[in-house]
Amino acid sequence: MILVMSGTEEGREIVKRLNDKGEGVITTVATEYGREIYKKIGLGHLCIQGRLDVNELSELIRNKKINTLIDATHPYATQASLNAIKASAESGIKYIRFQRSASVSEDGVGDTTIDNLRFVHLVSDMDEAVSWCSRSDRKRILLTTGFSAAEKFVKLKDEKEIFVRILPVPSHIEQCVSMGIKPSNILALQGPFSIELNTAIYNQYKIDVVITKDSGKTGGGPEKIQSASEAGIDIVIIKREEIDYPVKCSSIDEVFGLLGMG
């Protein structure tokens, strides 16, 4: 039996391909929203919802007789990956990390070097992103980093105009409003987004700085960067935390190759 820790588009593709091959597979997702997506594609019966700690993961591995864990969680779900690595090691099973490639590095964005992209600002974490915005003379901030970032940035709402682009989850929208974010500044949309749509949003709301994570090509990272460039606005990119993965793949085919199903 294979366990896929999912919640990403690539994770769903891995689960679907394993299921199509007749392999025993189950998947975990952190949120009800993630579970609903599996239901829509007819794989809800394979899905377990919940954020599992090391002990809970180890118990699931024992109960379901898991022999391989594929970690296809989001690039910024650091704790989930650390839990998966530890639970796999303690249970003596194979661990495979699928990690989507980054859009940005210290050396460049695509074929362009960072030195030539004055609008790109790399920061280490969310707190540093907040600090950058606080020091900047930019006033209209668009958060594209997910609901959890809103609470950190809302402290700037008296001096900055805060816009959030989040998933269309009613409870998240309600909490943003309760934090003090104006309903008119909440864009509840499912991504990823094209260059054209990003640019239209930046122009419509007169955004002058975008906060993002490096979610990679699948997560629409290059499109955010390019549309910011074309619009001539700053983009603050929160770098990924480095983890020493025991095994790491950057393509789904590579994952299946390690499974002997290439």
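Residues numbered from 1 in each chain as written. Predicted model: local features only at pLDDT ≥ 70, side-chain atom pairs only at ≥ 80, totals over all residues. Heavy atoms only, no water.

**Notes on the packing of helix α8 (residues 195-204) against helix α9 (residues 221-231)**
Counted only if it meets this: Axes here refer to lines fitted to C-alpha atoms; in helices the fit is confined to the stretch in contact. Angles between the N-to-C directions go from 0 to 180 degrees. Only DSSP runs of H or I reaching four residues or more are called helices, and only runs of E reaching two or more are called strands; each is numbered from the N terminus. Roughly parallel covers angles under 35 degrees, roughly antiparallel covers those over 145, roughly perpendicular covers 65 to 115, and oblique covers all other angles. For a crossing to be left-handed, the near helix must be turned anticlockwise from the far one by less than a right angle; the clockwise case is right-handed. When checking whether two residues touch, look at their non-hydrogen atoms; a contact exists if any pair is within 4.5 Å. Under this grouping Gly is polar, as are all residues other than the nonpolar Ala, Val, Leu, Ile, Met, Phe, Trp, Tyr, Cys and Pro and the charged Asp, Glu, Lys and Arg.
Look at α8 against α9: their axes get within 8 Å of each other, and the N-to-C directions meet at 50°. Considering the angle they form, α8 stands oblique to α9. Of the two elements, α8 crosses α9, and the hand of that crossing is right-handed. Seen from α8, the contacting residues are I195, N198, T199 and Y202; seen from α9, they are E223, K224, Q226, S227, A228, E230 and A231. In terms of residue class, the contact of α8 with α9 is made up of four nonpolar, four polar and three charged.

**Here's the deal with unusual backbone geometry**
Between G191 and P192 the backbone carries a cis peptide bond, its omega angle lying at 0°. If you trace the backbone, P192 turns up in the loop between β9 (186-188) and α8. Its identity is not glycine, yet K65 carries a phi of approximately 55°, on the positive side. Relative to the helices and strands, K65 resides in the loop between α3 (54-63) and β4 (68-71).

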